[in-house]
Amino acid sequence: MILMAAAFFLYAASGTIAPWWAVVVLLVVWLGFFVVACRWWSTRPRGITVLAVGAIALWFVVLVAGGAWLGWEA
């Protein structure tokens with residue numbers, strides 16, 4: 001769950017690069033990841049780590065793609 005918290009700070013701080021609407025979408029996506037992580041707490045504890053790493057990777061891909069194709073910049 002610590003990685004999910006780290007992912008939250010990345011998603012929440014995206015406003016320095018992404019427009020407000022993209023930050024809202026990213027936070028909704030993170031909330032979905034968090035709900036899945038809470039459901040997996042007892043049954044798949046190692047899966048939460050993989051999920052969090054995937055969330056961080058998705059954040060990175062979205063911001064790089066937004067910067068490359070949509071002109072997002074700091």
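Quick note: structure is the one above.
Before going into details, it helps to say that this report is about the structure given with it. Keep in mind that what you see is a predicted model, and the values were worked out from it rather than measured.

Scoring rules and cut-offs
Residues numbered from 1 in each chain as written. Predicted model: local features only at pLDDT ≥ 70, side-chain atom pairs only at ≥ 80, totals over all residues. Heavy atoms only, no water. Helix = DSSP H or I, 4+ residues; strand = E, 2+ residues; numbered from the N terminus. Buried < 20%, exposed > 50% of the residue type's maximum accessible area, 1.4 Å probe, protein only. Axes fitted to C-alpha atoms, helices over the stretch in contact; angles between N-to-C directions. Parallel < 35°, antiparallel > 145°, perpendicular 65-115°, else oblique. Contact = heavy atoms within 4.5 Å. Nonpolar A, V, L, I, M, F, W, Y, C, P; charged D, E, K, R; others polar. Phe/Tyr/Trp six-rings, centres within 6.5 Å; stacked < 30°, edge-to-face > 60°.

Glancing now at the environment of Val 36. Mapped onto the elements of the fold, Val 36 is located in helix H2 (residues 20-40). Residue classification places Val 36 among the partly exposed residues on the basis of a relative accessible area of 30%.

Attention now moves to the packing of helix H1 (residues 2-12) against H2. Here H1 crosses H2 at 170°, and the two axes come no closer than 9 Å. By the angle between their directions, the pair H1 and H2 is classed as roughly antiparallel. Residues Met 4, Ala 7, Phe 8, Tyr 11 and Ala 12 of H1 lie in contact with H2, whose contacting residues are Val 23, Leu 26, Leu 27, Trp 30, Phe 33, Phe 34 and Ala 37. Looking at the contact of H1 with H2 residue by residue, the classes come out as twelve nonpolar, no polar and no charged.

Here we take up the packing of aromatic side chains. Counted by the stated rule, this structure contains four aromatic pairs. Centroid distance Trp 21 to Trp 72: 6.1 Å. Interplanar angle 75°. Geometry classified as edge-to-face. In this pair, Trp 21 sits in helix H2 while Trp 72 sits in the segment after helix H3 (45-69), placing the two residues 51 residues apart along the sequence. Assessed through its relative accessible area of 45%, Trp 21 is described here as partly exposed. Each member of the aromatic cluster is reached from another via a ring pair, and the members are Phe 8, Phe 9, Trp 30 and Phe 34.

Coordinates in, geometry out; function isn't part of it.
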